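Chain and residue survey
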Amino acid sequence: MLTAEYWSRAGENAWCPGCGNFGILSALKQALAELQLEPWRVCIVSGIGQAGKLPHYVKCNFLHGLHGRALPTAIGVKLANPGLKVIAVGGDGDMYGEGGGALLHAFRRNPEIACFVHNNGVYGLTKGQASPTSAAGFRTRATPEGTALPGFNPLAAGIAMSGTFVARGFAGDREGLTRLMVLALKHKGFGFIDILQPCVTYNKVNTHKWYQERVFDIGTRQHDPLDIERALERAREWPEADPEGRIPLGLFYSAQRPSYDEQLPVLRQGAPVEARPDPRKVEQAIEEFRQHGRD
Amino acid sequence: MAGIDFGLIVTGQAGQGLQVIAQALAGVFVRSGYHVFVSQDVMSRIRGGHNFTRVRIATKPVGADADRAQMLVALDAKLASLHLSELADDGLVLIDPDDGSRPETGHEIVAVPLRRLAREHGREVMTNSVALGAALALLQHDPEALRRPIQELFAGKGQAVADENLACARAGFDFVCAEGRTCRERIPRIAEDAGRLFLTGAQALGLGAIAAGVRLVAGYPMSPATPIFEFCARNAAEAGIAVELVEDEIAAINMALGAAFAGARAMTCTAGGGFCLMNEGLSLAGMTETPVVIMVGMRPGPATGLATRTAQADLLFCLSAGHGEFPRAVLAPADPEQAFHATIRAFRIAEEFQTPVIVLFDQFMADATRTIGNLQLPIANLQSAERQSLPEGAYRRYEASESGVSPFLRPGTKGQLVYVDSDEHNEEGHITESAEVRVRMVEKRARKAGGIAVMLEPPEVWPGPGRKTMVVGFGSTRGAVLEAVERLRGKGLDVGVLHICDIWPFPIDSVRAALEDSRRVITVENNWSGQVARLLRQEAGITAAGSVRRFDGRQFAVAEVAAGIERLAEGKTG
Amino acid sequence: MGSATGWLDWRAAGSRITIVTDVTVVVAGEAGLGVQSAGTVLTRQLVRQGYHVFAYPNVMSRIRGGHNFTSIRVSERPKAGIRTQANVVLALDEQAAQERKADLIEGGVLVYDSPAEPMIEAGRSILPVPMTAIAKRLGGGPPHAGVVGLGVLCALNSQPLRALQAVLKEQFEARGAEAGRLNAACAQAGFEYGRERFRGVCPCLIPELASWESRLLLTGAQAIGLGALAAGVQFYAGYPMSPSTAILEYLAGKAEEFGIVVEQVEDEVSVINMVAGAAFAGARAMTATSGGGFALMVEGIGLAGMAELPLVVVVGMRPGPATGFPTRTEQAELLYAADCSQDEFPRVVLAPGTAEQAFYATVRAFGLAQRFQSPVIVLTDQFLLDSSWTVGNLQLPIANLQLAGRQSGAAYSFRRFEITESGVSPFLRPGTREQLVMSMGGEHDESGLGSEDAGNRVRMMEKRMRKLEGLRQEAAGLHEFPGRGGATVVVCFGSVFGPLREAVEILAGEGADIGMVHISDIVPFPAKELAQRLAGAKTVVCVEQNSTGQLARLVRRETGFGPDEIILRFDGRPFTGDGLAERLRPIAGGAG
């Protein structure tokens, strides 16, 4: 039916040639095509950064909002109109730094939203500062001595918060990423994918080649996403300790619990955006405050 | 010799290295004895699009772009047409004929095979250096003057790269010479290195902080404040500063307050939305009487707005920011020189009055580079408030005083405890709900405003007060306004300038003295509603006749300001 | 004047009796020991007796201990504020008695929990009653002392005990038969004690009225909650913060019945962004907050301004800065509400004066938000939100809630920010068949895609700001009292409405040439109207609850008129009508 091309929006692209964002965009369009969704039913909510520009290049509804706030905004959209397919998109600075608090609570809350994080280990649009996922010792103009902190581990955080779909993909692995995105978009809950990508302009450490040499698929037969211990082990596998270490990709963990949407009684009545004020009910509510005398 | 006032525009896509050309040319001419002013127009992207830089080379100090350019260097020939209206009739357009495009224009075109020469003498990415050499040749300046600037610009990339770029520049230079092309104007060396400083507003703000003895800078990247943070980071080890890149702006302000509470001079720097997130912390600073300097860079909003462009639309926001009421100071320097001194002043005010101080600037001021004279370190010392000797346990953090300022002790002072509370508190620092204590504390805090006002620099009045028309502005419009007014005075208009840097507490008396005898007051400002005009009426009871406003994200042109003033001065509708 | 029994016997002494036109009863005690409950019961009881009641809780920021009191004003006419002094004080412990004794008018009565003997002190009757002991004898404890005290008051003020019993039954029914029986017994015991020992003591009677209309009794917060329901709110996100929490809790209680999503979220930054998302999706969305919570929302309000999202933010002001006095009142965020967030965009700030006004203001807020696709702030304070008000009725307005008309156009042709004469673009919900809605916080073109073009920026800025013209035309006028006259004109906003009205009434009654202007639609500021009004005045006064005179500044900024006098209060307590009259008298004249 609909091809990936159908999901493109005409217009100039502001990303650097060779940017990992192109791979992510391509996988997303492919995933949307495979799911045979209609553009008018899809809404992307994005934050600020180069990643935040993604919805401009996709034929869909979008709200390109504030830095770090894509998740609460997306939750607001989804709760107001559960009929929309809602996707939250942002970079690592946006989702793990500025929006770090909201991310933890999104895992807990488990709304039916897909969340795709463009993780390139650097702040690109503001020209090259360290981000929460920058490698330890990453030198930038803002951190000339090299970052002193260990990288933020979104997968471990998600698993610890009982995330129901905690996954990692790679912009250079179009097929694998598309597969994960399809799963995340179908998932009845918070479908989170940390997507590794190079920043060709500002991150000369975690290049495309660097990732290519290290990533591998944990597979769906070898890895049981219900096994939290194993998931955490996988989540902690990263070349930080061992520079030759490998980087697992795939679905790490899937806690089995209902989505927030399923649990909210009010949503069973229908989409809140459709709710019509009932004057009688309001009058009754007012009357609850009436004091009657002559007891 | 007649004065020189030469304008040059370099345009290209992001990533084509316009800055090299602008900075190298600036380097040449600053060292040749000229005043130089460079402004940038940058899109919010890393590659592609349309960026440009204006370079102005003059024999007198300049603080605004030239109205017209005499040369346009287009690294992407397609972009040249966007600047033709700004080019003098006899201006030159320098392009690469192999670029696949040629602007349709009556201007003289100088075609230099930039890419070919770059490939031959270095690499294609060095196209910009070829253009640099070509431009210098057109200005008939000594090519040797390029050696040092290119060396400095490429030092970080290795000597081989620097040499290649120099070779490319030389190739461009030689090509133009061989063709015998020149600009109408020649810009020769006029003096030995005049020893001027050449720096951006952001660098000056950073220097000011270091000169003031800042000890902790907490920040989060946000245009146009990021370069200040990076400047401090670069100098952190040498200057002994803890420079912390934190997770968000809420952490940044609270970390700065924590450091200040502990006794270290602390600051943060941000813009628009980042400042929004700092509002709660700002209020905390006011209540706890914690000194902090917050540098706020203005850019167009609302919300994300235009991230890499300029505006002056957050003035009223800065004055009201934060819930509740507490004294604050707001300083709005116009240029690097004022920025340096205002920052030092800011730290002094913050510390002496235990109050938050906002240094308010904008993208235009932050990113423009200009020559200034030497920066004198202030003679008055920046030492911390004296320690008192007190009986053990007797210290009261919020002891009332006539000035409203309480003696400041750090936690960790032997024998004393320091209690600080964000609730309303008594003199000891413990929570109170008493109405009487509340009133005393509010009044105590408010009293500090009087002392702060005394520390402010009065606004600038030029040439003197009470001209028939007075033009009022603040911050970075100073350069364009002064030049415009000078031009108008040259035409016989009785007009003067009142320019405000230290804008809060509002200098009511100075402002009234400057304006009360004039017939017409006009403001010039980069916002839609005329915030300076509204503030003038609010604080001084003076109603402006109109405002010259610009709110498209770009800085004023001198001609534009002059025309606007002339129109309003004659009573035409704005 | 005294008697052998140790209190003021008004029959013997021939003192004036106050037949209730205006009586204040203060109920005071430690937090956690039933003082608020006693205050609530008494308030209800008085309304059931046919009176208008205004009750203001003066509460410390703690859960146990400390000193709280409720000032309950009883009258046959509606009241919108409290008085400085009390006729009767019911104190549930010694400390409360000491603190509140000074509030009593001459001839007033203090009833407090103690085994001591009654006496007269400085012309006031001090009546100890062993309330806790009585309660214990009946099988209760300290929390029931208040009920005993209420029974005593019934006797003193000639209130019908039956009314008290009915309210107690309702209040404590849910807790079981034993609780019901115990409370009834305590009330009875108190009543008998009072009737037996304190005959003729109290010079104020609060009898049941012969005829009256039933009334609503509700807090300002509940009124705003009702307003939201009346407006058809569909989405509420919030974070607990005094004094706005009651709104969150009220709507949470109604969520399922009304089909509203009510979300308590992790912090106020997430709150405002979630509300923005819901608004983008086309829901009628709101939140309520205070002080520091509001500060965390200003970036999101800017997003609403740029992306032209309709949302309603209720701000309940309390003393700051920072944490300040969490449970007290102030009006120090006026300029903040008007100027917050970077750059400029149309916004509305409504500052209702009473709970009734707040109900209608909330409904209007949603209408304005929707029709002008702008953020609307309902600016109120702890005094309005936490006080209990009697209101005759709340009419359901014919809410004009339609979003701007939608275009029918070719598939995928919708332009969210189409430039129009009014500045209001057509609004579509995302999820509308075959159309896309694109919106952003960066500057954008008519389609909603990003643009850095200078010309576009100017056009968009002008388009957004054009909405101000339409908003100005929607503004409710100034409220003027008693009429348009007055050599002295006194200006206020928000909940100062009640106290100032009362003060003006008092002074006008004394012959002063005075009038008041209440500004409820304060942004966009009614500059022209106010300037006209002030032009004819001899003396202009601003009255506000903050320390820097923010209203005065705003008036001067917008009209050029500076007030001649500014009356401020910033101790966390509300103005009273009589207190304000005292301060205005030297300015406005009047017999005094």
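Reading the values: rules and limits
Residues numbered from 1 in each chain as written. Chains lettered and ligands numbered in written order. Predicted model: local features only at pLDDT ≥ 70, side-chain atom pairs only at ≥ 80, totals over all residues. Heavy atoms only, no water. Helix = DSSP H or I, 4+ residues; strand = E, 2+ residues; numbered from the N terminus. Rg over C-alpha atoms; globule rule 2.2 N^0.38 Å. Buried < 20%, exposed > 50% of the residue type's maximum accessible area, 1.4 Å probe, protein only. Contact = heavy atoms within 4.5 Å. Arc of directions from axis to C-beta. Domains from an automatic or database assignment. Buried area = accessible area lost by both parts, 1.4 Å probe. Salt bridge = Lys/Arg side-chain N within 4 Å of Asp/Glu carboxyl O. Polar contact = N/O pair within 3.5 Å; in protein donor to acceptor, adjacent residues only side chain to side chain. Nonpolar A, V, L, I, M, F, W, Y, C, P; charged D, E, K, R; others polar. Phe/Tyr/Trp six-rings, centres within 6.5 Å; stacked < 30°, edge-to-face > 60°. Pairing = 2+ DSSP bridges. Axes fitted to C-alpha atoms, helices over the stretch in contact; angles between N-to-C directions. pLDDT = per-residue confidence, 0-100. UniProt positions renumbered as here; feature names shortened; annotations may be inferred. Parallel < 35°, antiparallel > 145°, perpendicular 65-115°, else oblique. Left-handed = near helix turned anticlockwise from the far one by under 90°. Lys, Arg positive; Asp, Glu negative; His and termini not counted.

1. Some words on the overall build of chain A
- The helix and strand tally for chain A stands at 10 helices and 11 strands.
- Computed over its C-alpha atoms, the radius of gyration of chain A comes to 21 Å, within 12% of the 19 Å expected for a compact globule of 295 residues.
- Each principal axis of the C-alpha distribution contributes one length, and for chain A these read about 85 × 45 × 45 Å.
- Looking at chain A as a whole, 63% of its 295 residues qualify as buried.

2. Focus: the overall build of chain B
- Looking only at helices and strands, chain B features 18 helices and 20 strands.
- For a compact globule of 574 residues, the expected C-alpha radius of gyration is about 25 Å, and chain B comes in at 26 Å, within 12% of that figure.
- Viewed in the frame of its principal axes, chain B has a C-alpha envelope of about 85 × 60 × 40 Å.
- Looking at chain B as a whole, 64% of its 574 residues are labelled buried.
- Sequence separation of at least 24 residues holds for 73% of the intrachain contacts in chain B that already meet a minimum separation of 6.

3. Here's the deal with helix 18 (residues 527–535) of chain C
Residues and elements named next belong to chain C.
- Those residues of helix 18 that sit buried are Ala527, Leu530, Ala531, Arg533 and Leu534. All buried residues of helix 18 lie within an arc of 165° about the axis, which places them on one face of the element. Exposed side of helix 18, more than 90 degrees from the buried face: Lys528, Gln532 and Ala535 are the residues found there.
- Contacts from the buried residues of helix 18 go to strand 19 (479–481), strand 20 (488–493), strand 21 (514–519), strand 23 (539–544) and helix 19 (550–559).

4. Observations regarding the domain arrangement of chain B
Residue and element names in this part refer to chain B.
- Annotation of chain B at the domain level lists domain 1 (5–179), domain 2 (199–378) and domain 3 (460–569).
- Domain 1 and domain 3 are separated by 35 Å when their C-alpha centres are compared.
- Facing the 8 residues of domain 1 at the interface are 9 residues of domain 3.
- In total, about 600 Å² of surface goes out of reach between domain 1 and domain 3, with carbon and sulfur atoms giving 32% of it.
- Across the pair Glu483 and Arg56 runs a salt bridge whose closest N-O atoms are separated by 2.6 Å.
- Run the count over domain 1 and domain 3 and you get 6 residue pairs in polar contact (both at pLDDT 80 or more).
- Only strand 2 (35–41) and strand 3 (48–58) provide two or more residues apiece to the side of domain 1 that touches domain 3.
- Partitioning the side of domain 1 that touches domain 3 into residue classes produces 1 nonpolar, 2 polar and 5 charged.

5. Here we look at the interface of chain B and chain A
- Listed by partner, the interface residues are 23 residues for chain B and 29 residues for chain A.
- Buried surface at the junction of chain B and chain A, summed over both partners, amounts to about 1,900 Å²; 56% is from carbon and sulfur atoms.
- It is Arg45, Ile46 and Glu230 of chain B in chain B that bury the most area against chain A; as a group they hold 31% of the surface buried on that side.
- Arg45 of chain B is the partner of Glu12 of chain A in a salt bridge, and the nearest nitrogen-oxygen pair spans 2.7 Å.
- Inspection of the region where chain B meets chain A yields 8 residue pairs in polar contact (both at pLDDT 80 or more).

6. Some remarks on the packing of aromatic side chains
All names here are of chain A.
- Within the structure shown, the criterion is met by 22 aromatic pairs over all chains.
- Summarising the aromatic geometry, the rings of Trp15 and Phe22 are spaced 5.3 Å apart at their centres and angled 80° between planes, so their arrangement reads as edge-to-face.
- When the ring of Trp210 is compared with that of Trp238, the centres are 6.4 Å apart and the planes differ by 50°; the resulting orientation is tilted. One end of the pair, Trp210, is in helix 7 (residues 208–212); the other, Trp238, is in the loop between helix 8 (228–235) and strand 10 (247–253), and 28 residues separate them in sequence.
- Among the residues examined, Trp210 registers a relative accessible area of 15% and is labelled buried.

7. Focus: the interface of chain A and chain C
- Counting residues at the interface gives 56 residues for chain A and 72 residues for chain C.
- Taking both partners together, chain A and chain C bury about 5,300 Å²; carbon and sulfur atoms supply 61% of that area.
- Contact with chain C buries surface across chain A, with Trp40, Phe289 and Gln291 of chain A losing the most and accounting together for 16% of the total.
- The interface formed by chain A and chain C holds 3 salt bridges in total.
- For Arg109 of chain A, the salt bridge identified is with Glu263 of chain C, shortest N-O distance 2.2 Å.
- Linking chain A to chain C there are 22 residue pairs in polar contact (both at pLDDT 80 or more).
- Here the side of chain A that touches chain C is built from residues that sort into 29 nonpolar, 13 polar and 14 charged.
- Where strand 2 (residues 61–64) of chain A and strand 18 (residues 438–440) of chain C come together, 3 bridges link them in parallel fashion. Across the sheet, Leu63 of chain A pairs through a bridge with Ser439 of chain C, a residue of strand 18 of chain C.

8. What about the sheet that holds strand 20 (residues 546–549) of chain B?
All names here are of chain B.
- As summarised here, the arrangement of the 5 strands in space is 15-17-16-19-20, forming an open sheet in which the pairing is mixed. Lying at the two open borders of the sheet, with one neighbouring strand each, are strand 15 (460–462) and strand 20. In this sheet, neighbouring strand axes are inclined to one another by 20° on average, regardless of whether the strands run parallel or antiparallel.
- Relative to strand 20, strand 19 (residues 520–525) runs parallel, the two being bridged by 4 bridges. In the strand pairing of strand 20, Glu525 is matched with Arg549.

9. As for the pairing of strand 17 (residues 388–391) of chain C
All names here are of chain C.
- Of the two faces of strand 17, the one lined by Ser388 and Thr390 and the one lined by Trp389 and Val391 are each fully buried.
- In terms of strand pairing, strand 3 (residues 52–58) meets strand 17 through 2 bridges, oriented antiparallel. When the bridges of strand 17 are listed, Phe54 appears paired with Trp389.
- Where strand 10 (residues 215–219) meets strand 17, 4 bridges bridge the pair, whose relative direction is antiparallel. Paired with Leu216 across the two strands is Val391, which belongs to strand 17.

10. Thoughts on the confidence of the model for chain B
- Summarising the model, chain B shows a mean pLDDT of 94, and 97% of its residues fall at 70 or more.
- Predicted complex, confidence summary: ipTM 0.96, pTM 0.96.

11. Brief notes about the UniProt feature "domain: Thiamine pyrophosphate enzyme TPP-binding" (unreviewed entry) in chain A
- When the UniProt feature table is mapped onto this chain, "domain: Thiamine pyrophosphate enzyme TPP-binding" (unreviewed entry) is found at residues 54–195 of chain A.
- The distance separating the terminal C-alpha atoms of residues 54–195 of chain A is 14 Å; by composition the span is 34% helix and 22% strand.

12. Side note on the packing of helix 6 (residues 201–211) of chain B against helix 7 (residues 226–234) of chain B
Residue and element names in this part refer to chain B.
- For the pair helix 6 and helix 7, the least separation of the axes is 8 Å and the interaxial angle reads 45°. The angle between helix 6 and helix 7 places the two elements in the oblique class. Note that helix 6 runs across helix 7; the crossing there is right-handed. Touching Ala202, Gln203, Leu205, Gly206, Leu207 and Ile210 of helix 6 are Pro227, Ile228, Phe231, Cys232 and Arg234, all from helix 7.
- Residues belonging to the contact of helix 6 with helix 7 are distributed by class as follows: 8 nonpolar, 2 polar and 1 charged.

13. Thoughts on the environment of Arg123 of chain B
- Mapping Arg123 of chain B onto the fold places it in the loop between helix 2 (114–121) and helix 3 (127–138).
- Considered as a pair, Arg123 of chain B and Gln555 of chain B are 432 residues apart in the sequence and their alpha carbons are 35 Å apart.

14. Digging into the sheet that holds strand 7 (residues 166–170) of chain A
- Ordered in space as 9(A)-10(A)-7(A)-8(A)-4(A)-3(A)-1(A)-2(A)-18(C), the 9 strands form an open sheet in which the pairing is mixed. One side of each edge strand has no neighbouring strand; the edge strands of this open sheet are strand 9 (215–217) of chain A together with strand 18 of chain C. Shown here is a sheet whose adjacent strand axes are inclined to one another by a mean of 20°, direction ignored.
- Helix-sheet contacts for helix 1 (residues 20–34) of chain A involve strand 1 (42–46), strand 3 (85–91), strand 4 (114–119) and strand 8 (191–196) of chain A, and the interaxial angle to strand 4 of chain A is about 160°.

15. Here we look at the side chain of Asp92 of chain A
Residue and element names in this part refer to chain A.
- With respect to the secondary-structure elements, Asp92 resides in helix 3 (residues 92–98).
- Arg168 provides the closest opposite charge to the buried, unpaired Asp92, separated from it by 12 Å.
- Every residue in contact with Asp92, bar those within four places of it in the chain, is listed here: Gly97, Val117, His118, Asn119, Asn120, Gly121, Val122, Ser131, Pro132 and Thr133.

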